[in-house]
Amino acid sequence: MKTILIGFIKIYQKIISPLTPPSCRFYPTCSHYGVEAIEKHGALKGTWLAIRRISKCHPFHEGGFDPVPEKIINKK
């Protein structure tokens, strides 16, 4: 599933994104964030993090540096 989701994002990056003017408010861009989130946290949580990030992409949010959170490993 991770491979399919990342594949969709890569297609977006190669085909759709170049057709639009650069307007991302964040670093890394939302598509790069999505790929990294899915790779680091898996398909379900990574997709959720990417959707949350995209929902912040509006004129009333200041944007800026917003890295993917680190994966928390519970130690007992």
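Let us look at the structure shown here. Model, not experiment: these values are computed from the prediction.

1. Digging into the packing of aromatic side chains
Reasoning step 1: What the rule picks out here adds up to 1 aromatic pair.
Reasoning step 2: With centroids separated by 6.1 Å and ring planes inclined at 25 degrees, the aromatic side chains of Tyr 27 and Phe 65 adopt a geometry described as stacked. With Tyr 27 in strand β1 (residues 26-27) and Phe 65 in strand β2 (residues 64-65), this residue pair connects regions lying 38 residues apart in the sequence. Of the two residues examined, Tyr 27 and Phe 65, each falls in the exposed class.

2. Thoughts on the pattern of salt bridges
Reasoning step 1: The tally for this structure, following the rule as stated, stands at 4 salt bridges.
Reasoning step 2: Ionic pairing is found between Glu 70 and Lys 40, a salt bridge with its closest N-O pair at 3.2 Å. Highlighted residues: Glu 70 in the segment after β2 and Lys 40 in helix α2 (residues 30-41), separated in sequence by 30 residues.
Reasoning step 3: Overall, the relative accessible area of 60% leaves Glu 70 in the exposed class.
Reasoning step 4: Looking at Lys 40, the relative accessible area reads 24%, which means it is partly exposed.
Reasoning step 5: Lys 56 serves as the salt-bridge partner of Asp 66, at 3.6 Å between the closest nitrogen and oxygen. One end of the pair, Asp 66, is in the segment after β2; the other, Lys 56, is in the loop between α3 (43-55) and β2, with 10 residues separating them in the sequence.
Reasoning step 6: Here the salt bridges do not stand alone but share partners, grouping Glu 36, Lys 40 and Glu 70 into one network.

Cut-offs applied
- Residues numbered from 1 in each chain as written.
- Predicted model: local features only at pLDDT ≥ 70, side-chain atom pairs only at ≥ 80, totals over all residues.
- Heavy atoms only, no water.
- Phe/Tyr/Trp six-rings, centres within 6.5 Å; stacked < 30°, edge-to-face > 60°.
- Helix = DSSP H or I, 4+ residues; strand = E, 2+ residues; numbered from the N terminus.
- Buried < 20%, exposed > 50% of the residue type's maximum accessible area, 1.4 Å probe, protein only.
- Salt bridge = Lys/Arg side-chain N within 4 Å of Asp/Glu carboxyl O.

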